[in-house]
Amino acid sequence: ANLDPRVIKETSSLVRAGYAVTVFGWDRSGLHPREETIGGARFRMSRVPAPYGSKLLLFLLPLYWIHALSAIRSGRPAVVHACDFDALVPALIGKMLFGHTVVYDIFDHFADKISGVPGFMRWIIRRIDARLMRRADLILVTDEHRRKHIGDPGDVPVGVIMNVPPLIEALDERADRTGVVRVC
């Protein structure tokens, strides 16, 4: 599967630590299997078709939210790890209904990912995101710069998990044909 490498790394770490992990994702293109296991984590996909970066996404988002909330209801997880704003809304609704912990992992800012949307709509989306993130139990960002970009999260702790390749991958990429890594 061609899934976000950060998701694969995070789920693999959780599985190695002994957690049972189920990922519910949005396969907007319909190219991924509905269910598969990767690195010990179970991946289930919603296939609500939606173009990337289009303002049409705003209208299709509630369909994904219904699918995600249904997956949360049926799985009753202890923790829901919501990657980006599109997953935060059903995670927070589920928190109110079922009482799980919500980790909000900000890969990208939703308002910046959609094109053709007027500035005032982006401002509204940013304001909603800022208010909703204060209802998460933990916020994760990929670097210190993004930590500053989210503004004041209130009492919610913010952690940084950098998005870097595993050391072995990094060394493999730097190795020459003989397998020797030269560090300068």
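Residues numbered from 1 in each chain as written. Predicted model: local features only at pLDDT ≥ 70, side-chain atom pairs only at ≥ 80, totals over all residues. Heavy atoms only, no water.

**Describing the pairing of strand β6 (residues 138–141)**
Stated formally: Should DSSP find at least two bridges between two strands, the strands are regarded as paired. Put simply, DSSP marks the helices as runs of H or I at least four residues long and the strands as runs of E at least two long, and each gets a number from the N terminus on. With strands facing away from the observer, any crossover in which the path from the first strand over the helix to the second runs clockwise is taken as right-handed.
Judged from the 4 bridges that link them, strand β5 (residues 101–106) and β6 form a sheet pairing that is parallel. Across the sheet, the residue bridging to Asp 105 is Leu 140, located in β6. Between the parallel elements β6 and strand β7 (residues 158–160), the chain passes through helix α6 (residues 144–149) in a crossover that is right-handed.

**As for helix α1 (residues 5–16)**
The condition that has to hold: Helix span, as expected, comes to 1.5 Å for every residue beyond the first. Exposure is judged per residue with a 1.4 Å probe applied to protein chains only, and the accessible area is read against the type maximum: over 50% gives exposed, under 20% gives buried, and values in between give partly exposed. Pairing of N or O atoms within 3.5 Å defines a polar contact, subject to two protein rules: one partner must be a possible hydrogen donor and the other a possible acceptor, and residues neighboring in sequence count only if both atoms are side-chain atoms.
Taking 1.5 Å as the rise per residue, α1 with 12 residues should run 16 Å; its terminal C-alpha atoms sit 16 Å apart, in good agreement. Buried residues of α1: Arg 6, Val 7, Glu 10, Thr 11 and Ser 12, and no others. The opening residue of α1, the one whose side-chain oxygen lies 2.8 Å from the backbone nitrogen of Arg 6, is Asp 4. At the exit of α1 stands Gly 18, carrying a positive phi of roughly 100°.

**Points about a nonpolar patch on the surface**
Let me state the cut-off plainly: The patches described consist of residues with a relative accessible area above 30% and no salt bridge, like charges being joined within 9 Å and nonpolar side chains (Val, Leu, Ile, Met, Phe, Trp, Tyr) within 5 Å. Residue exposure ignores everything except the shown protein chains as possible cover, and the areas themselves are Shrake-Rupley values with a 1.4 Å probe. Counted as salt bridges are all cases of a side-chain nitrogen of Lys or Arg within 4 Å of a carboxyl oxygen of Asp or Glu.
On the surface, Phe 120, Trp 123, Ile 124 and Ile 128 cluster together into a nonpolar patch covering about 420 Å² of accessible area. Structurally, the position occupied by Ile 124 is in helix α5 (residues 119–133).

**Side note on the nonpolar core**
For the record, the criterion: In this text, buried Ala, Val, Leu, Ile, Met, Phe, Trp, Tyr and Cys residues form a nonpolar core when linked through side-chain atoms within 4.5 Å. In this analysis, two residues are considered to be in contact whenever any of their non-hydrogen atoms come within 4.5 Å of each other.
Trp 26, Tyr 104, Ile 106, Ile 139 and Ile 150 are the most contacted members of the largest nonpolar core, which has 29 residues in total. Of all the elements in the fold, those that place two or more residues in this core are α2 (57–75), β4 (79–83), α3 (85–98), β5, α5 and β6. Residues in contact with Ile 150, not counting those within four places in the same chain, are Ile 106, His 109, Met 133, Ile 139, Val 141 and Val 158. Among the nonpolar cores identified, the runner-up in size contains 8 residues, and Leu 3, Ala 41, Phe 43 and Met 45 belong to it.

**Here we look at the sheet that holds strand β2 (residues 35–38)**
This is how it is decided: Each axis is a line fitted through C-alpha atoms, taken for helices only over the stretch in contact, and angles between the N-to-C directions span 0 to 180 degrees.
The strand order β1-β3-β2 describes an open sheet built from 3 strands, whose pairing is mixed. Unpaired on one side and paired on the other, β1 (22–26) and β2 mark the two borders of the sheet. Adjacent strand axes in the sheet meet at a mean angle of 30°, parallel and antiparallel pairs treated alike. Strand direction decides the pairing type here: β1 and strand β3 (residues 41–46), joined by 5 bridges, are parallel. Directly across from Phe 24, in β3, lies its bridge partner Arg 44.

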